[in-house]
Amino acid sequence: MGLTPELTTAGKCIIIAIMFIGRIGPLTFVFSFAKTEKSNIRYPDGEVFTG
């Protein structure tokens, strides 16, 4: 369309942000800023013997 060069600096920054969010995915973007509490995942204790 050829409208991008005519945008203001603020308009270009908005377009850059929207393109970045679209590239990584909206859910990934939202979850990257979400506060998470301590999860209930527990890892087993033990030693691995090799050789």
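From a predicted model like this one, the values you see are computed outputs, not experimental measurements. (Residues numbered from 1 in each chain as written. Predicted model: local features only at pLDDT ≥ 70, side-chain atom pairs only at ≥ 80, totals over all residues. Heavy atoms only, no water.)

### So, the overall build of the protein chain
Line of reasoning, step 1. Across its full length, the protein chain holds two helices and zero strands.
Line of reasoning, step 2. Taken over the C-alpha atoms alone, the protein chain extends approximately 65 × 30 × 15 Å along its principal axes.
Line of reasoning, step 3. Looking at the protein chain as a whole, 4% of its 51 residues are labelled buried.
Line of reasoning, step 4. Per element, the accessible surface of the protein chain, about 5600 Å² overall, is 65% carbon and sulfur.
Line of reasoning, step 5. Computed over 5 positive and 4 negative side-chain charges, the inter-centroid distance for the protein chain is 7 Å. (Helix = DSSP H or I, 4+ residues; strand = E, 2+ residues; numbered from the N terminus. Buried < 20%, exposed > 50% of the residue type's maximum accessible area, 1.4 Å probe, protein only. Areas by Shrake-Rupley, 256 points an atom, 1.4 Å probe, with all protein chains shown as cover. Lys, Arg positive; Asp, Glu negative; His and termini not counted. Charge placed at Lys NZ, Arg CZ, Asp CG, Glu CD.)

### Considering helix α1 (residues 9-24)
Line of reasoning, step 1. Between the first and last C-alpha of α1 there are 23 Å, a value that for 16 residues agrees with the 22 Å anticipated at 1.5 Å per step.
Line of reasoning, step 2. In the segment just after α1, Gly25 is the residue with positive phi, at about 100 degrees. (Expected span 1.5 Å × (residues − 1).)

### A few points about a nonpolar patch on the surface
Line of reasoning, step 1. Judged by side-chain polarity, Leu7, Ile15 and Met19 come together as a nonpolar surface patch covering roughly 280 Å² of accessible area.
Line of reasoning, step 2. Counting through the fold element by element, Ile15 comes out in helix α1.
Line of reasoning, step 3. For Ile15, a relative accessible area of 38% gives the class partly exposed. (Patch = residues over 30% accessible without salt bridge, like charges linked within 9 Å, V, L, I, M, F, W, Y side chains within 5 Å. Salt bridge = Lys/Arg side-chain N within 4 Å of Asp/Glu carboxyl O.)

### Things to note about the environment of Leu7
Line of reasoning, step 1. Inspection of the secondary structure assignment puts Leu7 in the segment before α1.
Line of reasoning, step 2. When near neighbours in sequence (up to four residues on either side) are disregarded, Leu7 contacts Lys12 and Ile15. (Contact = heavy atoms within 4.5 Å.)

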